[in-house]
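# Overview (structure and organization)
Chain by chain, the residues:
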Amino acid sequence: MKEIILAKYGEIILKGGNRPRFESILINNIRNSLKNVAETKVRLAQATVYVEVFDEDKIDIVMERLSKVFGLVTIVRAAVCSKDIENIKLKAREYLKSDLNDGKRFKVEAKRSDKLFPLNSPQICVEVGGYLDDEFPEIIVDVHNPDVTVKVEVRDFDAYVYADENKIQGQGGMPIGTGSKATLLLSGGIDSPVAGHMISKRGVEIDAVNFFSFPYTSERAKEKVIELAGIIAQYTSKINLYIVPFTEIQIQIRDKCPEEHLTLVMRRFMMRIAERIAQKHKSRALITGESVGQVASQTLAALDVTNSVVDIPILQPLIGMDKQEIIDRSHAIGTYETSILPYEDCCTVFTPRHPTTNPKRENIIKSENKLDIEALIEEALAGVELIEVYPN
Ligand code: ATP
Ligand code: MG
């Protein structure tokens, strides 16, 4: 039986005069995400994306890809029927026979966007519902608490039938490319990949920066960061990952600054370097993974010290979330298992035993003025390595 995938989008509908631009970016993103997966035809009509998959064995993988495209809210496979009520009834019986069994309660919901179709929506419901009730004697009509909602949509070229319960949730959000670009400070931890996903979900393209302290952090730690970027790229498409050599800066901080200030001085270097990389690549904001009070360097006083070194906006989408909420999201987007692999991050190499939790800007500035800040930044920038990371 011929099937099609129907994908519905959400917030784009509210875009008024800009809606066609958002729709065309969404369609392009969908085509890109399916390019190497299956031969498909993607078109849009009446706030629905229709995806025809020419090789039916590939429908599941196409569904899986669509579930990672920002902008789509629901995705479902449906049977394609000619626009004739008898045909719709037969197709519904055939297509939904495995859903309509074992004393299931069901109802029919119909939508007719083709007003030339001879039956209106309530009439379609009565016809299809009555027929299914006769054909499957063990099922029961229940319009209030159905187990199965049979959907019939009569649209421009064809009619479609599916069970509402077979819908899968999309990511929601806005299509990538509708919200300019931001630069994610990507560590190997649990938090920053989630932060990157949350901002990219709003349509923002992502570059990533990682600070890497070889040999204190191993080659495996770098591979882990690349792998995390590859998982985020499943949602965003290719990510440019800038690896910044950070060893010299960390050694100088360790040797010249008071121990309790190590983390904050280091974080200030990260922000400055990330800002330069962002400016060079026309990125409009930084993204980091802090949540208030999670660790000593994430108190409000510490965030003030860290964030005050740059002018560029800093997006911290996890700021009000609990660790468990962040972990749940990390599972949902698929980064958790990689994030917990036990490789060192440069932050954990030289950690103070008693970090300050209530730092003052002027004290940290005094500490870091023992270093040639500009020279260290220039040297790090000169050694930046670009890795183009594709979805894995
Ligand atoms: P994460 O789980 O993202 O590592 P965290 O809870 O360990 O976060 P911190 O170590 O305080 O937090 O770092 C705060 C933020 O700074 C991180 O979320 C990340 O955005 C950035 N960051 C930390 N270490 C690095 C690094 N090595 N490279 C790039 N960004 C980093
Ligand atoms: Mg970390």
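Here's a quick rundown of the structure. (Residues numbered from 1 in each chain as written. Chains lettered and ligands numbered in written order. Predicted model: local features only at pLDDT ≥ 70, side-chain atom pairs only at ≥ 80, totals over all residues. Heavy atoms only, no water.)

## Here's the deal with the overall build of the protein chain
Per the secondary structure count, the protein chain includes 13 helices and 15 strands. Overall, the C-alpha framework of the protein chain stretches about 85 × 35 × 35 Å when taken along its three principal axes. Counting all 392 residues of the protein chain, 53% fall into the buried class. Here the analysis covers contacts within the protein chain between residues at least 6 apart in sequence; of these, 80% occur between residues at least 24 apart. Accessible surface for the protein chain amounts to roughly 17800 Å². Of this, 50% is attributable to carbon and sulfur atoms. (Helix = DSSP H or I, 4+ residues; strand = E, 2+ residues; numbered from the N terminus. Buried < 20%, exposed > 50% of the residue type's maximum accessible area, 1.4 Å probe, protein only. Contact = heavy atoms within 4.5 Å. Areas by Shrake-Rupley, 256 points an atom, 1.4 Å probe, with all protein chains shown as cover.)

## Some details on helix H4 (residues 121–135)
Compared with an ideal rise of 1.5 Å per residue, which puts 15 residues at 21 Å, H4 spans 21 Å between its outermost C-alpha atoms and is within 8% of the ideal. Of the positions making up H4, those classed as buried are Ile124, Val128, Gly129, Tyr131 and Leu132. Buried positions in H4, seen along its axis, are confined to an arc of 165 degrees and lie on one side of it. In H4, those exposed residues whose orientation departs by more than 90 degrees from the buried face are Pro122, Val126 and Asp134. (Expected span 1.5 Å × (residues − 1). Arc of directions from axis to C-beta.)

## Let's talk about helix H1 (residues 19–34)
Given a rise of 1.5 Å per residue, 16 residues ought to cover 22 Å, and the 23 Å separating the end C-alpha atoms of H1 matches this to within 8%. Every buried residue of H1 is accounted for by Phe22, Glu23, Ile25, Leu26, Ile27, Asn29, Ile30 and Leu34. Elements in contact with the buried residues of H1: strand E1 (3–9), strand E2 (40–45), strand E3 (48–53), helix H2 (59–66) and strand E4 (72–81).

## A few points about the pattern of salt bridges
Following the criterion strictly, the structure yields 32 salt bridges and no others. Three or more residues joined by partner-sharing salt bridges are found here, namely Glu3, Asp60 and Arg77. (Salt bridge = Lys/Arg side-chain N within 4 Å of Asp/Glu carboxyl O.)

## Digging into the site of ligand 1
Lining the immediate surroundings of ligand 1 are 21 residues, of which Leu185, Ser187, Asp191, Ser192 and Gln294 lie closest. Residue Leu186 places a main-chain N or O atom 3.5 Å away from a nitrogen atom belonging to ligand 1. Interatomic distance of 2.7 Å between a side-chain N/O atom of Asp191 and an oxygen atom of ligand 1. Burial of ligand 1 by the protein amounts to 91% of the accessible area it has alone, namely 570 Å². Mapped by element, the contributors of at least two residues to the shell around ligand 1 are helix H5 (191–200), strand E11 (205–212) and helix H8 (262–280). (Near = heavy atom within 4 Å. Polar contact = N/O pair within 3.5 Å; in protein donor to acceptor, adjacent residues only side chain to side chain.)

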